[in-house]
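Structural overview
Listed below, chain by chain, are the residues.
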Amino acid sequence: EPRQITKGSKAWKNQAEWSPKSTHLVYSDRTMTLWLVDASTGRKTEIDKASAEEIRDYTFSHDGDWVAYSKSSPNYQSALWLYQISTGQKQQITDATFSDSSPMFSRDGKFLFFLSNRDFNLAFSSFEFDYLYNNATRIYAIPLRNDGTTLSPTKNDVEPYGDEDKEDESEEKDGSKKDDKITIDLEGIQNRVEVLPMPNGNYNILGSVDEGLLYSSGNKTMRYNIKEEKSEDIIEGVGYVIPSADGKSLIYRRNSEFMITKNQPGQKVGDGRIDLTHLVMKIDPKAEWNQIYEDAFRIFRDYFYVDNIHGVDWDGIKETYGKMLPYVPSRFDLDYILNEVISETNTGHAYVDWGDIGSVDRINGGLLGA
């Protein structure tokens, strides 16, 4: 049975992120606030509130006690922040010198990966008298402990002997210890930033796996292997994947099809296609149009550029035009009403995009001509 967790919200919500142990959710909304929700009680805690731009990238550590996120600074450069659930304390861990974003904890709890624009690749424009700085992004990592942990540790060339090469029975097969709490040494954490050995470019961080970090550049999904200290090509032609909870599999969409592939190098596009032939959704159009009408008012209100919506009675407009909803015969007519609603605000460059409306095939007739 579905169970409603939050109520009384006053703003549009952005996508929620589950904690690894399914005890909490974190999400942001159009009040510029980042919220932590206890999934069992529904209790909401304000983690942080932005002053310039929405907080849109946030993630949990794998022990579920830390939330990492980026927040825009007064100079509009985004910095990384950490919030600890057990103590309720937050701290900024990078300054506003560079634009840092997309934090992601490694599964072993040793690193925090992130994107940052720190490369100044000066080029001169071919078309105008101006300088350009393109592809400024690289992937970086912060060792969370100040104990000498690094992405490039010194190699030990001593040959093992005796029982030294046996696995520690107190560890799981993936190398992580049971119930291992993540400890972060916050003092001087910014001074421990390391760069991954990939060139500057245009990157996206997709998730963390046992081997290291999943990321994409261009239309290719790759994996940085921490142990091997190298980047590995997972799948060419796919720039966005979602890893499974255990990190062993990846799901991605290509056109109208979904595929599941392994988190291993050398995967081919199209393998592992999911058969959705018998996946059918039944929709009650009238109920769906009512929901669209509700959401349209929320979206336009929360994303309008001024709070007072040009002084109009927004709730009154909703009630007035809502009286026509029971008589709407098609999605086209619903969009017509929404266009009339937006016109009430006397706003330029405000539009309604059409929804699930079928189009009639155009047949070109013969034309007279010389």
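First, a word on what this report is: a plain description of the structure on this page. (Residues numbered from 1 in each chain as written. Predicted model: local features only at pLDDT ≥ 70, side-chain atom pairs only at ≥ 80, totals over all residues. Heavy atoms only, no water.)

Looking now at the overall build of the protein chain. When you go through the protein chain residue by residue, the secondary structure sums to three helices and 21 strands. Overall, the protein chain is about 85 × 65 × 60 Å in size when its C-alpha atoms are taken along their principal axes. For the protein chain, buried positions account for 36% of its 370 residues. Counting contacts in the protein chain only where the partners sit at least 6 residues apart, residues at least 24 apart contribute 45% of the total. Accessible surface, the protein chain: about 23900 Å² in total, of which carbon and sulfur atoms supply 48%. A gap of 3 Å separates the mean positions of the 42 positive and 61 negative side-chain charges of the protein chain. (Helix = DSSP H or I, 4+ residues; strand = E, 2+ residues; numbered from the N terminus. Buried < 20%, exposed > 50% of the residue type's maximum accessible area, 1.4 Å probe, protein only. Contact = heavy atoms within 4.5 Å. Areas by Shrake-Rupley, 256 points an atom, 1.4 Å probe, with all protein chains shown as cover. Lys, Arg positive; Asp, Glu negative; His and termini not counted. Charge placed at Lys NZ, Arg CZ, Asp CG, Glu CD.)

Take the sheet that holds strand 15 (residues 203-209) next. Read from one edge of the open sheet, four strands run 15-16-17-18, paired in antiparallel fashion. Single-partner strands in this sheet number two, and they are strand 15 and strand 18 (230-236). Each adjacent strand pair in this sheet contributes to an overall mean axis angle of 25°, direction not counted. (Pairing = 2+ DSSP bridges. Axes fitted to C-alpha atoms, helices over the stretch in contact; angles between N-to-C directions.)

Moving on, we come to the pattern of salt bridges. Enumeration according to the criterion identifies 17 salt bridges in this entry. Residue arginine 298 is joined to glutamate 294 by a salt bridge in which the shortest nitrogen-to-oxygen separation is 4.0 Å. Of the two residues, arginine 298 and glutamate 294 both sit in helix 1 (residues 285-303), four residues apart, roughly one turn of that helix. Close ionic contact of arginine 298 with aspartate 295 constitutes a salt bridge, the shortest N to O distance being 3.1 Å. With arginine 298 and aspartate 295 both in helix 1 and three residues apart, this pair spans about one turn of that helix. (Salt bridge = Lys/Arg side-chain N within 4 Å of Asp/Glu carboxyl O.)

Attention now goes to the packing of helix 1 against helix 3 (residues 331-343). Running from amino to carboxyl end, helix 1 crosses helix 3 at an angle of 25°, the nearest separation of the two axes being 11 Å. Relative to helix 3, the element helix 1 lies roughly parallel. For helix 1 against helix 3, the interelement crossing comes out right-handed. Residue-level inspection shows Trp289, Ile292, Tyr293, Ala296, Phe297 and Phe300 of helix 1 in contact with helix 3, the latter providing Arg331, Leu334, Ile337, Leu338, Val341 and Ile342. For the contact of helix 1 with helix 3, the class distribution of residues is eleven nonpolar, no polar and one charged. (Parallel < 35°, antiparallel > 145°, perpendicular 65-115°, else oblique. Left-handed = near helix turned anticlockwise from the far one by under 90°. Nonpolar A, V, L, I, M, F, W, Y, C, P; charged D, E, K, R; others polar.)

The next subject is the pairing of strand 7 (residues 78-84). Strand 7 sits mainly inside the fold: seven of its seven residues count as buried. Neither face of strand 7 is left uncovered, since the one carrying Ser78, Leu80, Leu82 and Gln84 and the one carrying Ala79, Trp81 and Tyr83 both have all their residues buried. Here strand 6 (residues 66-72) hands over to strand 7 after five residues, with tyrosine 76 in that stretch at a positive phi of 65°. One ladder, built from four bridges, connects strand 7 with strand 8 (residues 89-92); its direction is antiparallel.

It is worth spelling out the layout of surface pockets at this point. Its volume calculated, the second largest pocket comes out at about 330 Å³. If you trace the second largest pocket, you find 13 residues lining it, with Ser9, Ala11, Trp12, Arg298 and Arg301 closest to the centre. Of all the elements in the fold, those that place two or more residues in the lining of the second largest pocket are helix 1 and helix 2 (314-322). Considering each element in turn, the lining of the second largest pocket owes the most residues, five residues, to helix 1. Its residues assigned to classes, the lining of the second largest pocket shows four nonpolar, one polar and eight charged. (1 Å grid on protein atoms, 1.4 Å probe; cavity = no way out; pocket = protein on both sides within 12 Å on 5 of 7 lines; lining within 4 Å. Points joined across faces, edges and corners; volume = space filled by probe spheres on them.)

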